[in-house]
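The residues making up each chain are set out below.
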Amino acid sequence: MGRPNLTVITGAHATGIVFDGRRAAGVRYRCKRRDETASARREVILCGGAFNSPQLLLLSGIGPADELARHGIAVRHELPGVGRNLQDHVDFVMAWTSKNTDMLGLSLRGGADMIRHILQWRRDGAGMVASPGAEGAAFLKSDPSLGRPDLQLHFVIGIIDDHARKLHLGHGFSCHVCALRPHARGEVGLNDANPLAPPRIDPRYLSDERDAGLLLKGVKMMRRILEAPALAPYRHREMYTADARSDDDLMQHIRARADTIYHPVGTCRMGVDDMAVVDPHLRVHGFEGLRVVDASVMPTLIGGNTNAPTIMIAEKAADMMRSA
Ligand SMILES: Cc1cc2nc3c(=O)[nH]c(=O)nc-3n(C[C@H](O)[C@H](O)[C@H](O)COP(=O)(O)OP(=O)(O)OC[C@H]3O[C@@H](n4cnc5c(N)ncnc54)[C@H](O)[C@@H]3O)c2cc1C
């Protein structure tokens, strides 16, 4: 922050890219209810993530012509791949209630214990309060003959319902299972031309039967693990899926409740074909001085969590910019 050549503006919402012919010359943004422009002598780097980088390109007239026309945006450059190829780890979560209060939860006993946990954390930085919540993970093969895992578990020491938007009284644990290399492809578009409106996101989870079949296998494997004798002292009641025993029952639950474990990628895909948005140096096709550097450039979703690979993309991009 002390560098003389760095200015950080927070609370700003980028609303469009400014062009000088085919060169990106800056970014328009809204800050404290005022419209401002930041100009760029060399490059503009978009890093709004897999949902917002394609949105900003679309708002700037770069994308599929039909999507731009639908919102009355003039086509600056037709790039049919912008917003397409959305991939995400489709995920299903199971939860058990527990009479054991040594897990995250809402209860009188848990509240009283929390004081002890906070004191322990202040004393030695350990214990419940130091927990990341999602304490365990596993990579599984749905079939032993596979060369690499195709399922991932995330184990959480609390009850997860609707991404923890819905809270429950009491304690418990949850486990997620996700399909690591989904076949479904979704898309990001615009709801309207207002840059402050959220983008239109259609992940098309489970639109490919292979993903649904794999998730079903994963749910059964996960349940077998969670029903193991070692967890008996912690298990009380299975929530959501207790009534589901047959594959059809489980599939109904999967279709009703599966969604994301937060790993969207692919909507500004790197490549050299007609549907690619950025080239192998992450430069937007058809322009100078404009790169996308975030998870949206991944051509295919990796078989694991996406944060570290995104940081790696950024570090590689920094090297490419320095040597340009
Ligand atoms: C709840 C959650 C939990 C996760 N847990 C893990 C995990 O445990 N491990 C893991 O590996 N990955 C995890 N991920 C995924 C990981 O966070 C992402 O893969 C990673 O952050 C992607 O980086 P990015 O730079 O592409 O996008 P982001 O990190 O989303 O960064 C985009 C930034 O752009 C900003 N932005 C967007 N539009 C605009 C605009 N118009 N103007 C100004 N700013 C804008 C956003 O506010 C955001 O700060 C998790 C994600 C979520 C949502």
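Criteria and thresholds
- Residues numbered from 1 in each chain as written.
- Predicted model: local features only at pLDDT ≥ 70, side-chain atom pairs only at ≥ 80, totals over all residues.
- Heavy atoms only, no water.
- Helix = DSSP H or I, 4+ residues; strand = E, 2+ residues; numbered from the N terminus.
- Expected span 1.5 Å × (residues − 1).
- Bend = angle between axes of the 7 residues up to and from the residue.
- Buried < 20%, exposed > 50% of the residue type's maximum accessible area, 1.4 Å probe, protein only.
- Contact = heavy atoms within 4.5 Å.
- Pairing = 2+ DSSP bridges.
- Domains from an automatic or database assignment.
- Buried area = accessible area lost by both parts, 1.4 Å probe.
- Salt bridge = Lys/Arg side-chain N within 4 Å of Asp/Glu carboxyl O.
- Polar contact = N/O pair within 3.5 Å; in protein donor to acceptor, adjacent residues only side chain to side chain.
- Axes fitted to C-alpha atoms, helices over the stretch in contact; angles between N-to-C directions.
- Patch = residues over 30% accessible without salt bridge, like charges linked within 9 Å, V, L, I, M, F, W, Y side chains within 5 Å.
- Areas by Shrake-Rupley, 256 points an atom, 1.4 Å probe, with all protein chains shown as cover.
- Near = heavy atom within 4 Å.
- Nonpolar A, V, L, I, M, F, W, Y, C, P; charged D, E, K, R; others polar.

A look at helix α3 (residues 108–124)
Phase 1 of the analysis: End to end, α3 covers 25 Å across 17 residues, agreeing with the expected 24 Å (1.5 Å per residue, within 8%).
Phase 2 of the analysis: The axis of α3 is deflected most strongly, by about 25°, at Met114.
Phase 3 of the analysis: Among the residues of α3, those classed as buried are Gly110, Asp113 and His117.
Phase 4 of the analysis: Buried residues along α3 sit against β11 (170–179).

Regarding unusual backbone geometry
Working note: non-glycine residues mostly have negative phi, and peptide bonds are mostly trans.
Phase 1 of the analysis: Although it is not a glycine, Tyr240 sits at a positive phi angle of roughly 35°.
Phase 2 of the analysis: Within the secondary structure, Tyr240 sits in the loop between β14 (237–238) and α5 (247–257).
Phase 3 of the analysis: For Leu282, which is not a glycine, the phi torsion comes out positive at approximately 65°.
Phase 4 of the analysis: Mapping Leu282 onto the fold places it in the loop between β15 (259–260) and β16 (290–292).
Phase 5 of the analysis: On the basis of relative accessible area, Leu282 is assigned to the buried category, the value being 4%.

Topic: the pairing of strand β3 (residues 34–39)
Phase 1 of the analysis: With zero of six residues buried, β3 lies mostly on the surface of the structure.
Phase 2 of the analysis: Two elements, strand β2 (residues 23–31) and β3, share six bridges in a ladder whose sense is antiparallel. Bridge pairing links Arg30 to Asp35 in β3.
Phase 3 of the analysis: The antiparallel hairpin formed by β2 and β3 contains two residues in its connecting segment, where Lys32 sits at a positive phi of about 50°.

Describing the domain arrangement of the chain
Phase 1 of the analysis: Here the domain parsing of the chain yields domain 1 (12–85 + 264–322) and domain 2 (90–185 + 202–260).
Phase 2 of the analysis: Here the C-alpha centroids of domain 1 and domain 2 sit 34 Å apart.
Phase 3 of the analysis: With seven residues of domain 1 at the contact, the number on the domain 2 side is seven residues.
Phase 4 of the analysis: Where domain 1 abuts domain 2, roughly 500 Å² becomes buried across the two surfaces, and 50% of that area is made up of carbon and sulfur atoms.
Phase 5 of the analysis: Here domain 1 and domain 2 share zero salt bridges between them.
Phase 6 of the analysis: Where domain 1 touches domain 2, the interface holds three residue pairs in polar contact (both at pLDDT 80 or more).

Description of helix α1 (residues 49–59)
Phase 1 of the analysis: Burial within α1 is extensive, with nine of its eleven residues counted as buried.
Phase 2 of the analysis: Every buried residue of α1 is accounted for by Gly49, Ala50, Ser53, Pro54, Gln55, Leu56, Leu57, Leu58 and Leu59.
Phase 3 of the analysis: In the core, the buried residues of α1 are packed alongside β1 (12–20), β4 (44–46), β5 (62–63), α2 (65–70), β12 (187–189) and β16.
Phase 4 of the analysis: The first or second residue beyond α1 is Gly61, which carries a positive phi of 85°.

Some points on the sheet that holds β3
Phase 1 of the analysis: Taking strand neighbours across the sheet as the criterion, the three strands line up as β1-β2-β3 in an open arrangement whose pairing is antiparallel. Of all strands in the sheet, those bounded by a partner on one side alone are β1 and β3. Averaged over neighbouring strand pairs, the angle between their axes works out to 25° when direction is ignored.

Quick look at a nonpolar patch on the surface
Phase 1 of the analysis: A cluster of nonpolar side chains, contributed by Met1, Leu6 and Val8, occupies part of the molecular surface with about 330 Å² of accessible area.
Phase 2 of the analysis: Topologically, Met1 is positioned in the segment before β1.
Phase 3 of the analysis: Residue Met1 is classed as exposed on the basis of its relative accessible area of 77%.

Considerations on the site of the ligand
Phase 1 of the analysis: Around the ligand sit 15 residues, and of these Ala14, Ala295, Asn305, Thr306 and Asn307 come closest.
Phase 2 of the analysis: At 3.4 Å from an oxygen atom of the ligand is found a main-chain nitrogen or oxygen belonging to Cys47.
Phase 3 of the analysis: Residue Thr306 places a side-chain N or O atom 2.6 Å away from an oxygen atom belonging to the ligand.
Phase 4 of the analysis: In isolation the ligand exposes 1,000 Å². Once the protein is present, 51% of that is buried.
Phase 5 of the analysis: Mapped by element, the contributors of at least two residues to the shell around the ligand are β1, α1 and α6 (307–322).
Phase 6 of the analysis: Element by element, the count of residues in the shell around the ligand is highest for β1, at three residues.
Phase 7 of the analysis: Classifying every residue of the shell around the ligand by side-chain character gives five nonpolar, nine polar and one charged.

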